[in-house]
Amino acid sequence: DAKTTQPNSMESNEEEPVHLPCNHSTISGTDYIHWYRQLPSQGPEYVIHGLTSNVNNRMASLAIAEDRKSSTLILHRATLRDAAVYYCILRSGNTGKLIFGQGTTLQVKP
Amino acid sequence: DGGITQSPKYLFRKEGQNVTLSCEQNLNHDAMYWYRQDPGQGLRLIYYSQIVNDFQKGDIAEGYSVSREKKESFPLTVTSAQKNPTAFYLCASTPMGIGDRASTDTQYFGPGTRLTVL
C-alpha cells in the first residue's frame, strides 16, 4: 500500500485559510487521494477525495499536483471547530481499505 | 436516522477475559471494517468484511476474531490472546467493498468503544 507523509502539526488563526500538505510520491495511477479528519474521542469523518483534478465541496478544497505526488487540503476560513487531526490517505479499488498514517494535528487560535 | 452504532462507549475488562464489541449499521452498506487506535496514533485495520458471510484479516488481526452473519452487524471479539488490548476501537462501513466504487465510496465511522483491560 502506498504511503503518505504529512507534517505532525500545524497552527492557524481563526478566519484565515489553512493549507495542509501531503506527499505521496509512490502513488499509483488508480489510487484515489482521500482526506478524513478526526475530532478528539470521535470517529473520523470524510472531508474530500480526488483522483487528478482539483476538487471543491462545502467543507474544503483539494489541490492535486500535476504529477500526483503531492496534494494540499485547503480550508478556506478556519474556525475553532476545524481543530482536529487531518489524515491524507491513498485508497485502492481492490478492497476499499483506508490506510491511516499519523496525520496532521491542526490547532486553530482565536 | 441512518448510521453506525457501537456499544458500549466505555468497556472495562479483567486481563484474560474475552470481550465482544458491538457494531451495527442501518445504512444497508455491504462492507464493514474494524480499526484500532492507540493514543497519538493513526487507525490500524484489524478485520474487514466486503460482504455477508465473508471477512478478511487486516494488518493487526492477531488476538481478534469477527463474524458477519448479518449485513447490518459486524461484532469484534477481543480474545485473551491479544497482548495489549487497551485501545480505542472504531467500526466503519462503506456502501460497497469491492469493485470500481470501492476506491471512492465514503467510509462512515461509528463513535467508537474505548476498551480498558485492568
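This structure is a prediction, so every number in the text was calculated from the model and none was measured.

Let's shift gears to the overall build of chain A. If you tally the helices and strands in chain A, you get zero helices and nine strands. Secondary structure of chain A in N-to-C order comes out as β-β-β-β-β-β-β-β-β. Overall, chain A is about 40 × 30 × 25 Å in size when its C-alpha atoms are taken along their principal axes. Expressed as a percentage of the 110 residues in chain A, the buried residues total 44%. A separation threshold of at least 6 residues defines the contact pool for chain A, and within that pool the share at least 24 residues apart is 56%.

Residue and element names in this part refer to chain B. When you line up the elements, Glu69 lands in the loop between strand 7 (64-66) and strand 8 (76-78). A sequence separation of 18 residues divides Glu69 from Ile51, and the C-alpha atoms of the two residues are 9.7 Å apart. Once you skip the residues sitting within four places of it in the chain, Glu69 turns out to touch Val52 and Asn53.

Residue and element names in this part refer to chain A. Most of strand 3 (residues 32-38) is tucked away, with six of its seven residues classed as buried. Both strand 3 and strand 8 (residues 84-91) contribute to a ladder of seven bridges, which runs antiparallel. Across the sheet, the residue bridging to Gln38 is Val85, located in strand 8. Pairing geometry for strand 3 and strand 4 (residues 45-50), over five bridges, is antiparallel. The partner of His34 across the bridge, within strand 4, is His49. In sequence, strand 3 turns back onto strand 4 through a hairpin of six residues, with Ser41 there showing a positive phi of about 60°.

This next bit is on the pairing of strand 8 of chain A. All names here are of chain A. The element strand 8 is largely enclosed, with a buried count of eight among its eight residues. Where strand 8 and strand 9 (residues 104-109) come together, three bridges link them in antiparallel fashion. By the bridge assignment for strand 9, Ala84 is matched with Leu106.

Of note, Thr94 of chain B is situated in strand 9 (residues 87-94). On the accessibility criterion, Thr94 of chain B (0% relative accessible area) is buried. Those residues within four positions of Thr94 of chain B in sequence are excluded, and the remaining contacts are Arg91 of chain A together with His29, Asp30, Ala31, Tyr33, Asp105, Thr106 and Gln107 of chain B.

Moving on to the pattern of salt bridges. Two side chains with opposite charge may pair up if their charged atoms get near one another. Inspection of the entire model under this criterion finds seven salt bridges over all chains. A salt bridge links Glu11 of chain A to Lys109 of chain A; its shortest N-O distance comes to 3.2 Å. In this pair, Glu11 of chain A is assigned in strand 1 (residues 9-13) and Lys109 of chain A in strand 9, connecting sequence segments 98 residues apart. The closest approach of N and O atoms between Lys71 of chain B and Asp30 of chain B, which form a salt bridge, is 3.4 Å. Of the two residues, Lys71 of chain B sits in the loop between strand 7 and strand 8 while Asp30 of chain B sits in the loop between strand 3 (19-25) and strand 4 (31-37), which places them 41 residues apart along the sequence. Accessibility expressed as a relative area gives 27% for Asp30 of chain B, which makes it partly exposed. Connected through salt bridges with shared partners, the residues Arg37, Glu45 and Asp82 of chain A form a single ionic network.

Cut-offs and rules
- Residues numbered from 1 in each chain as written.
- Chains lettered and ligands numbered in written order.
- Predicted model: local features only at pLDDT ≥ 70, side-chain atom pairs only at ≥ 80, totals over all residues.
- Heavy atoms only, no water.
- Helix = DSSP H or I, 4+ residues; strand = E, 2+ residues; numbered from the N terminus.
- Buried < 20%, exposed > 50% of the residue type's maximum accessible area, 1.4 Å probe, protein only.
- Contact = heavy atoms within 4.5 Å.
- Pairing = 2+ DSSP bridges.
- Salt bridge = Lys/Arg side-chain N within 4 Å of Asp/Glu carboxyl O.

Take it as geometry only, folks, not as evidence of what the structure does.
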